[in-house]
Amino acid sequence: MRDLNFQIPQGVIFGFIGPSGCGKTTAVRLLTGVYEPSAGRVTVLGQTPTRFSPTTRAKLGYMPQQFVLYPELSVWENMNFAASLYGMGFNRGQPFKRLLDFVELSEHRHKLARQISGGMQRRLALATTLTHNPQMIFLDEPTASIDPILRHKFWNYFKELRDNGCTLFITTQYVGEAAYCDLVGVMAEGRLLMVETPEGLSRRAFGGEIVDLTASQPLDYARLEQLRALPYVKSIQRQLSNTAVRLVVDEAGTAVPQLLEWCKAQNVPIESIEKYTASLDDVFVELVQQARNGEGVDAA
Amino acid sequence: MLRNILIAPVRVSAFLGKEIYEILREPRLVLTLILGPFLILLLFGIGFRNQSRQYRTLFVAPEGDSLSQQIQAFGASLDSQILFVGVTPDEVAAKEQLRRNEVDLVIVIPTQALESIRNNQQAVFTLYHNELDPLQVGYIQYLGGVYAEEINRHMLQRVTAYGQSEAVAHQDDLGAARTNATALRVALEQGDSAAARQHQQELESNVSGLELGVGAGMTILSGLDQTSTEGQSTDPEAILAQLSDVRQNTNALGQIEDNRSDYTVEAQTAAKIESDLTTLDTLLGDFKRIEPGVLVSPFRSETYTVASVQPRVIDFYAPGVLALLLQHLAITFGALSIVRERQLGTLELFRVSPVSATEMLIGKYLSYLLFGVILAGILTVMLHWMLGVPVLGGWLNYGAVILGLLFTSLGIGFVISLISRTDSQAVQYAMIVLLASVFFSGFITTLRSLWEPVRVISWLLPVTYGIQLFQSVMLRGSLPEPALLGSLVLIGLVLFVWAWLLLHRLMARR
């Protein structure tokens, strides 16, 4: 890994997005002190992770990417083990029940971990991570193998944890989940491309906001060149058809009225003109593509 | 800091509970661990016959050989070891039968045995066997020696019996000698020199006859077994000594002169001869009453123990089985414990969590110690109350040995676990320790039979201490020897520190 430079404010959900093998898990291990960086400095909760005191470690919650609990222990026993590992008191009944209700495993609490499905094991792993009310939570792909409804529920719970003052560092391969985050770090090929808000990602990917303009008659080359030359149009992102074009502008809010006026002045009949919100998948693909092409995408 | 110390037992309890739950998830394993050794010991106790092996023995001897006719009789005295199958003159056929395992032993009787002896050479019995086991080979060699001794003893008995019969045959000479000695004394007291000389000549003749008959037999007997008959009043040497005195005194009388006024000195000598002859008569009487077997083998042994109990075979092996089982159990559980954590990936969780290598190791030690103690308790109940194996030395001492053995064995297991990369590798290491334990711990053979430098291996194995301590506490009723128990615990402490260092390095952040 290289060029990994970022800060995470307390009380936010920090999403770490990137393709498989880009170094997300390594980053988590560096932050939790499992790995020591070969160069550079890592500080979490004011301490170097490899020298965390037991008290600081007790404030951490860590859910590895793989299921690493005990298959021969029941769901409840695995919860108990994790809680004891973090020195939690023995008054555990109610907190465990709440967590198991949340991950929908209450009725399976007596089953052995090997007897439940892969998705249930991920939910159990999440529940065990949260048993001791950690302040700083590292979740390595917590929503993998989880159905979309439960995944949505998980993110809502993460937001709840954040609202209660927890800081969450979450890696995911689901680019769409970046929308749930307060800040998103985009990784590709061992490099952090940027750290941005979800809204800012699109602007960073395309160089501004996007407006789709559809005319009632074909837009010829001369007309497209006129559009490109307008001061508030940064570029033509792509031509959607012979009558439609996608433009990159600084601010869609101010550019749309100006474009309407320009079309009226040029006798170009307009069928529709509206701001286009690119999917995060498109944004991510665009960013990774730019990184591969060597175009400058800097981390914030 | 203080809070961290207070919370440490909670973190230790994580491993304590986890390990116990995991073991209990395998009831068949637990049942096997309990019932397996119990049943093995029970079957061993039922099946073991504490008697030496009987060898089917075929003798090879020339037809009509005088010695071969007595072979069966000699062999009968070793019937617990030698089962007489028959006598054949064909040595080649006998060896072929041996190769086909139709017989276990072939003994070739020496041809011309008596000639060899007359030529001042020992006659050799040759034993052939078809055994591979060095212990059996050693035993057959020993048996050959015993067999030859038995035949030698039979020979000596025959010579002794002959000597006795010869001595008794000259009892008449002895009676005549005593009569003439009395008559000689009386004639000398009365001053009748002519009668005295006549009786002196007759006495001389009687003594010569005794020397020839009794003396020759006694000399052979005396030479045959000087050591064993030394100091006995009825031994051939005592008889010979008495006969020698008679001869000396008879010679001392010399020529009895005529017309002397006083024959007191000669009369006293005659009285001494008379007394010696009476003693000789008594000795010969005693001698002939003693069985030739007793004369040839005057000593036999009887064995008694000063130990608290005379253990049965099952009692003797129970401490060894218990020690071996507890060691193997602890090593195997320990060996699989941490290597499985590594394979599951849980070590990564531990690295992030506040748990330390010390807490983890203590938790695992406690869990397996607890399990081992429970298992040992159940086994003890079965051994003591169902098989009747004694525990004479008190339960506290017994418990101390169990704890020491488990603690040290777990240390070996954890070190194995920490140097192994896979569970199959760990199991292999555990099996090697088991194999070493069977051969070097004194479980099969005593430690004394091992070359001293090799015994170092023995004393590195917890089971060696376990067997000695269990036998001492269970069968002798003694306190555990402090040096042994202390050494065992010391090895355990060294292993604990070693395991801790390895685990600490493994848990360290990379």
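This structure is a prediction, so every number in the text was calculated from the model and none was measured. (Residues numbered from 1 in each chain as written. Chains lettered and ligands numbered in written order. Predicted model: local features only at pLDDT ≥ 70, side-chain atom pairs only at ≥ 80, totals over all residues. Heavy atoms only, no water.)

1. Observations regarding the overall build of chain B
To be explicit about the condition: The secondary structure listing takes helices from DSSP runs of H or I that are at least 4 residues long and strands from runs of E that are at least 2 residues long, numbered from the N terminus. To get the radius of gyration, use the C-alpha atoms; to get the globule rule, take the number of residues to the power 0.38 and multiply by 2.2 Å. Whether a residue is buried, partly exposed or exposed follows from its accessible area with a 1.4 Å probe, protein chains only, as a fraction of its type maximum: under 20%, in between, or over 50%, in that order. In what follows, residue pairs with any heavy atoms lying within 4.5 Å of each other are defined as contacts. All accessibility values rest on the Shrake-Rupley procedure with a 1.4 Å probe; residue burial counts only the protein chains present in the view. Two residue types count as positive, namely Lys and Arg, and two as negative, namely Asp and Glu; His and chain ends fall outside the count. For the purpose of locating charges, the reference atoms are NZ of Lys, CZ of Arg, CG of Asp and CD of Glu.
Of regular secondary structure, chain B possesses 19 helices and four strands. A globule of 510 residues ought to have a C-alpha radius of gyration of about 24 Å, yet chain B, at 39 Å, is considerably larger. With the C-alpha coordinates of chain B rotated into their principal frame, the extents come out at 130 × 60 × 40 Å. Put simply, chain B has 510 residues, and 45% of those count as buried. A separation of at least 24 residues holds for 80% of the contacts in chain B among residues at least 6 apart in sequence. Roughly 26100 Å² of accessible area belongs to chain B as shown, and the carbon and sulfur atoms make up 59% of that amount. Computed over 35 positive and 46 negative side-chain charges, the separation of the two mean positions in chain B equals 23 Å.

2. Brief notes about the pattern of salt bridges
To keep it simple, the criterion reads: What counts as a salt bridge is simple: a side-chain nitrogen of Lys or Arg found within 4 Å of a carboxyl oxygen of Asp or Glu.
The final tally for this structure, using the stated rule, is 39 salt bridges over all chains. A:Arg114 is the salt-bridge partner of A:Glu72, the closest N and O atoms lying 2.9 Å from each other. Taken together, the residues A:Glu72 in the loop between β2 (60-63) and α3 (75-85) and A:Arg114 in the loop between α4 (93-102) and α5 (118-130) connect sequence positions 42 residues apart. By relative accessible area, A:Arg114 is classed as partly exposed at 47%. Notably, a salt bridge pairs B:Arg100 with B:Glu102, separated by 2.7 Å at the nearest N-O pair.

3. Description of the sheet that holds strand β10 (residues 270-276) of chain A
The strands that make up a sheet are held in pairs by hydrogen bonds between backbone atoms, and each pair lies either parallel or antiparallel. Residues and elements named next belong to chain A. The cut-off we apply is this: Two strands qualify as a pair provided that DSSP identifies no fewer than 2 bridges between them. Where helices are involved, their axes are fitted lines through C-alpha atoms of the stretch in contact, as for all axes, and angles between N-to-C directions lie from 0 to 180°.
Spatially, β8-β9-β7-β10 is the arrangement adopted by the four strands of the open sheet, whose pairing is antiparallel. Since the sheet does not close on itself, it has two edges, and those belong to β8 (233-239) and β10, each with one partner. Averaged over all pairs of adjacent strands, the angle between strand axes in this sheet comes to 25°, irrespective of strand direction. Where strand β7 (residues 209-215) meets β10, six bridges bridge the pair, whose relative direction is antiparallel. Residue pairing in the sheet places Thr-214 in a bridge with Ser-272 of β10. Sheet strands touched by helix α8 (residues 221-229): β8 and β9 (244-249). Its angle to β8, the strand with the most contacts, is close to 145°.

4. Observations concerning the interface of chain B and chain A
Put simply, the rule reads: Accessible-area loss on putting two parts together, using a 1.4 Å probe and summing over both, is the definition of buried area adopted here.
Tallying the contact residues gives 25 residues for chain B and 31 residues for chain A. A buried area of about 2600 Å², summed over both sides, lies between chain B and chain A, and 66% of it is on carbon and sulfur atoms. The largest share of the area that chain B buries against chain A comes from B:Arg25, B:Glu348 and B:Val352, three residues that together contribute 24% of it. On the surface where chain B and chain A come into contact, there are two salt bridges.

5. Observations regarding unusual backbone geometry
Residue and element names in this part refer to chain A. A positive phi is found at Leu-45, a non-glycine position, where the angle reads about 55°. Note on placement: Leu-45 falls in the loop between α1 (24-32) and α2 (54-57). The exposure class of Leu-45 is partly exposed, given its relative accessible area of 42%. Of note in this structure, Asn-133 is not a glycine but carries a positive phi near 50°. Topologically, Asn-133 is positioned in the loop between α5 and β3 (136-140).

6. Here's the deal with the packing of α3(A) against α4(A)
Residues and elements named next belong to chain A. Inclusion rule: Orientation is classified from the angle alone, with under 35 degrees giving roughly parallel, over 145 giving roughly antiparallel, 65 to 115 giving roughly perpendicular, and any other angle giving oblique. Definitions for this section: a left-handed crossing has its near helix turned counterclockwise from the far helix by less than a right angle. A right-handed crossing has that turn clockwise. All residues other than Ala, Val, Leu, Ile, Met, Phe, Trp, Tyr, Cys, Pro, Asp, Glu, Lys and Arg, Gly among them, are scored as polar; the first ten of these are nonpolar and the last four charged.
Interaxial distance between α3 and α4 falls to 11 Å at its minimum, and their mutual angle equals 120°. The angle between the axes of α3 and α4 places the two elements in the oblique class. Relative to α4, the crossing made by α3 is right-handed. Residues Val-75, Trp-76, Met-79, Asn-80 and Ala-83 of α3 form the contact with α4, whose own contacting residues are Gly-93, Phe-96, Leu-99 and Leu-100. Looking at the contact of α3 with α4, its residues break down into seven nonpolar, two polar and no charged.

7. A look at the sheet that holds strand β5 (residues 183-188) of chain A
Residue and element names in this part refer to chain A. Strand order in the open sheet made by the six strands is β2-β3-β4-β1-β5-β6, with mixed pairing throughout. One side of each edge strand has no neighbouring strand; the edge strands of this open sheet are β2 and β6 (191-196). Across the sheet, the mean angle from the axis of one strand to that of its neighbour is 15°, orientation sign disregarded. With respect to the sheet, helix α7 (residues 198-206) is in contact with β5 and β6, its orientation differing from that of β6 by roughly 120°.

8. Structural notes on the pairing of strand β3 (residues 105-108) of chain B
Looking down a regular strand, the side chains alternate between one sheet face and the other. All names here are of chain B. Of the two faces of β3, the one carrying Leu-105 and Ile-107 and the one carrying Val-106 and Val-108 are both buried. Sheet topology places β3 next to strand β4 (residues 126-129); four bridges connect them, and they run antiparallel. Its bridge partner lying in β4, Val-108 is registered against Thr-126.

9. Topic: the side chain of A:Glu177
Residue and element names in this part refer to chain A. Cut-off, in case you're wondering: Whenever two N or O atoms come within 3.5 Å, that pair is a polar contact, provided that in protein one can donate a hydrogen and the other can accept it, and provided that, for residues adjacent in sequence, both atoms are side-chain atoms.
Note that Glu-177 resides in the loop between β4 (167-172) and β5. Relative accessible area serves as the criterion here: at 3%, Glu-177 is assigned to the buried category. Looking at Glu-177, its side chain comes within polar contact range of the side chain of Thr-172, at 2.6 Å. Other than its neighbours up to four places away in sequence, Glu-177 contacts Thr-143, Arg-151, Trp-155 and Thr-172.

10. Re the packing of aromatic side chains
Residue and element names in this part refer to chain B. Heads up, the rule is: Here a pair means two rings of Phe, Tyr or Trp (six-membered ring of Trp) with centres within 6.5 Å. Their orientation is stacked below 30 degrees between planes, edge-to-face above 60, and tilted elsewhere.
The final tally for this structure, using the stated rule, is 35 aromatic pairs over all chains. On the basis of an interplanar angle of 50° and a centroid distance of 5.6 Å, the ring pair of Phe-333 and Tyr-368 is categorised as tilted. Residue Phe-333 is located in helix α12 (residues 313-344), and its partner Tyr-368 is located in helix α14 (residues 357-386); the two are separated by 35 residues in the primary sequence. Accessibility assignment for this pair places Phe-333 and Tyr-368 in one class, buried. With 6.2 Å between their ring centres and 40° between their planes, Tyr-368 and Phe-414 make a pair best called tilted. Of this pair, Tyr-368 sits in helix α14 while Phe-414 sits in helix α15 (residues 395-419); the two residues are 46 residues apart in sequence, bridging distant segments of the chain. The same class applies to Tyr-368 and to Phe-414, which are both buried. Members of the aromatic cluster, each reached through a chain of ring pairs, are Phe-333, Tyr-365, Tyr-368, Phe-371, Phe-407, Phe-414 and Phe-496.

11. A word on the packing of helix α2 (residues 27-47) of chain B against α14(B)
Residues and elements named next belong to chain B. At their nearest, the axes of α2 and α14 sit 10 Å apart, and the two run at 30° to each other. Between α2 and α14, the angle falls in the class roughly parallel. Between α2 and α14 lies a crossing whose hand is right-handed. Residues Val-30, Leu-33, Ile-34, Leu-35, Pro-37, Phe-38 and Leu-41 of α2 lie in contact with α14, whose contacting residues are Phe-371, Leu-375, Ile-378, Leu-379, Met-382, Leu-383 and Met-386.

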